[in-house]
Amino acid sequence: SGERSFLAGEGSGERSLLAREGSGVRSLRVILDTHAGPLIGQLPDQRYFGRIGSVHFGLTGSRYLAADAQGRILVTDPNRHTVRVTDAAIQPLFEFGEYGIGPGQFREPTGVAVWGDPCTVEGPYVVDPHTLLLLHFDGSYTGADGETGVANGASFAPGRYDQGLQVDDSDTLTYETAGNLNRTQGAVEFWLQPAWNGDDQQNYTFFEVGQGWFNRMRITKDGANNLRFLIWDSAAEYGVDHNVGHWRAGEWHHIAVTWSGTDYALYVDGALRNRQPGPPPDSLASLVTIGSNAAGDFQAHAVIDEFRISDIPRAGNSDVSSRILVADSGNDRIQAFDALGAFLAAFGAPGSGPGQFHDPQGLAVDDLGRVIVADRGNNRLQLLAFDGQSLSHLRTVTGGFKGPTGVWAYGSDRILVADTGNNAVKELIPDGDSYIVKEHREALAEPRGVAADRDGNLIVADTGNQRIVTLPRVLPTFTPRPPVTPTTAPTVTPTPTPSVTPTPTTTIPGSISGIAWHDRDGDGSRDPGEPGLAGVIIRLSRWETEIAETQTAADGTYRFAPLPPGALYRVREAQPAWLRWSTTPDEVPIALANGQHAVADFGDWNGRPTWLPLVLR
């Protein structure tokens, strides 16, 4: 992915630290002040460039954070007993967990880390045990397992991979529902290249099963420029949506919808955009329709490629790719989840033996895929093996620790430990089957977070002194290598086809777009009926220099394009004078990747504030 994400422990009422490095992008440090709640950005020269996210997101009391290769931020919340996942601008994506002792439940979660290869929605896909229907549309309507489609007027056109399905005018394509769709759990996903702009206020349908008004499933774009996933049972309609007014004709976008029990979600370009509760249909019609509705109307007017229906909730390779690991300190165990927060495994029990824990804290993953756990109550580290599905004990490491908290995997073999009770950071250097312990004290007081960059700079959350300390070049420099994912992980690896999936060799411009809307209920989330705001001034900076300014269109949308990748952009809204409060951050930082189409939305409200005074100690 060209990016490594580094975690540096906890704040325990003070500060946590996350350092991120990207190929072609300056290093960026993200600091969590657990008293105040927001994240604070810091450049490598130790200059602070402002707040990321809002204090009203409610991170107060959170102590650990991590980032994945997609730029998502993961924060454990010991007060809510959950893990909260946001995008790079700290806009909420989803949250998982609840209080308890069962699988997927937490009692004061602490450390969090990401393991394995990045999640991707790129194809082409291959049939695996969870595939119900896979359509490549490479000159044929026949599914990968021989499923027969009935086409009327549809044709083929250049696709995302080889060819795709062209749907215009009165074209239709149907398949049998039986054996191809699970009513109570599953996913539908595909690539879409529209022939229309997202703000055209027209209706298009991409998938539907069901006839009549009730017991239906539909993926559509409506006249309000919202992409919607709708489900009807025998009594009511339920749905999730995401505004796509910034889409432009000819762009490729990935769409995925998932449902499981009473939960369903909408993903766009690999990112969760909306999630809501709701029941599944009570029954399903006999035909699945692709590219139009079941009545043969509201055609997609687009090219559709790599259409896949699964019997589990997933988007791309989310079920076999990166994993989220969480230290469940109150239950003295480590839990593993997939990229969407679905529970996979739990390991450990209270005690002091191998594979037992007493108040586990920070987590890290090294280049070999080993999981490093700060076993605070036992004054030690434990190294675990992980194959993507289950954890096992490898070894125990003692180094004269006293209540270790934050841990960090540095280079290919070193471990950095925030040895909180000893007021030091310890560097563990391999020496045969053991480690040489080197101390870094530097007048530290109860350090709880530790990180390092590839230039050998050691960065410490010096909690007792309420500061961030950088010790320049005290570590050897190294060239990062991608983490190793053990081959025992249950993955399906397609045969490489360079002619179908070329490796990018050139710089691909990206874009930043979004919408400013009237957040009438002040909840920070755009709800149906909340209108876009026209004429709002949006400014764009590259690094510290303002480079562009625009005003939102009549529907509240804006767009900056084309933009060169590999830079830190900041999008800022000049709030309308008649709206007194912002319900989202006024400024959104975006590290734009190659070919990325990033989104930054702004909500404004004219209600009364309900904020309480904050006393800093």
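About the cut-offs
- Residues numbered from 1 in each chain as written.
- Predicted model: local features only at pLDDT ≥ 70, side-chain atom pairs only at ≥ 80, totals over all residues.
- Heavy atoms only, no water.
- Pairing = 2+ DSSP bridges.
- Helix = DSSP H or I, 4+ residues; strand = E, 2+ residues; numbered from the N terminus.
- Axes fitted to C-alpha atoms, helices over the stretch in contact; angles between N-to-C directions.
- Salt bridge = Lys/Arg side-chain N within 4 Å of Asp/Glu carboxyl O.
- Polar contact = N/O pair within 3.5 Å; in protein donor to acceptor, adjacent residues only side chain to side chain.
- Contact = heavy atoms within 4.5 Å.
- Core = buried A, V, L, I, M, F, W, Y, C linked by side-chain atoms within 4.5 Å.
- Buried < 20%, exposed > 50% of the residue type's maximum accessible area, 1.4 Å probe, protein only.

Draft legend 1. Quick peek at the sheet that holds strand β9 (residues 92-96). Spatially, the four strands line up as an open sheet ordered β6-β7-β8-β9, and their pairing is antiparallel. Edge positions in the open sheet fall to β6 (65-67) and β9, since each of these has one partner strand only. On average, each strand axis in the sheet is tilted by 20 degrees relative to the strand beside it, whichever way the strands run. In the sheet, β6 pairs with strand β7 (residues 73-77) via three bridges, with the strands oriented antiparallel. Each bridged residue has a counterpart across the sheet, and for Ala 66 the counterpart in β7 is Leu 74.

Draft legend 2. Just the pattern of salt bridges, in detail. Applying the stated criterion across every chain yields a total of 30 salt bridges. Here Glu 439 and Lys 426 are joined by a salt bridge, their closest N and O atoms 3.8 Å apart. Placement of the pair is Glu 439 in strand β36 (residues 434-440) and Lys 426 in strand β35 (residues 424-431), with a sequence separation of 13 residues. Residues joined in a network through salt bridges with shared partners are Asp 77, Arg 80, Arg 84 and Glu 95.

Draft legend 3. Structural context of the side chain of Thr 82. Its location among the elements puts Thr 82 in strand β8 (residues 82-86). Within the local environment of Thr 82, its side chain forms a polar contact with the side chain of Glu 95, the two groups lying 2.6 Å apart. Here Thr 82 is in contact with Val 75, Thr 76, Asp 77, Glu 95, Phe 96, Gly 97, Phe 106 and Pro 109, once residues within four sequence places are set aside.

Draft legend 4. The sheet that holds strand β28 (residues 343-347), seen in detail. Strand order in this open sheet of four strands is β10-β26-β27-β28, and the pairing throughout is antiparallel. Two strands lie at the open edges of the sheet, namely β10 (109-115) and β28, each paired on one side alone. In this sheet, neighbouring strand axes are inclined to one another by 20 degrees on average, regardless of whether the strands run parallel or antiparallel. Relative to strand β26 (residues 323-328), β10 runs antiparallel, the two sharing five bridges. Bridge pairing links Pro 109 to Asp 328 in β26.

Draft legend 5. Examining the nonpolar core more closely. Counting 40 residues, the largest nonpolar core has Val 188, Phe 207, Ile 219 and Phe 307 as the members making the most contacts within it. Judged by nonpolar contacts, the second largest core, of 21 residues, contains Ala 516, Leu 533, Leu 563 and Ile 590.

Draft legend 6. Inspection of the pairing of strand β33 (residues 404-410) at higher detail. Within β33, seven of the seven residues are buried, which leaves the element mostly enclosed by the surrounding structure. By the bridge criterion, five bridges tie β33 to strand β34 (residues 414-419) in an arrangement that is antiparallel. Paired with Trp 408 across the bridge in β34 is Leu 416. Between β33 and β34, which pair antiparallel one after the other, the connecting turn spans three residues, and Gly 411 there sits at a positive phi close to 65 degrees.

Draft legend 7. Layout of the environment of Gly 159. Along the chain, the position of Gly 159 falls in the loop between β13 (155-158) and β14 (163-167). Judged by its relative accessible area of 18%, Gly 159 is buried. Separated by 147 residues in sequence, Gly 159 and Glu 306 place their C-alpha atoms 8.8 Å apart. Filtering out sequence-adjacent residues up to four positions away, Gly 159 remains in contact with Gly 164, Trp 252, Val 303 and Asp 305.

Interpretation in functional terms is not warranted from these geometric data alone.
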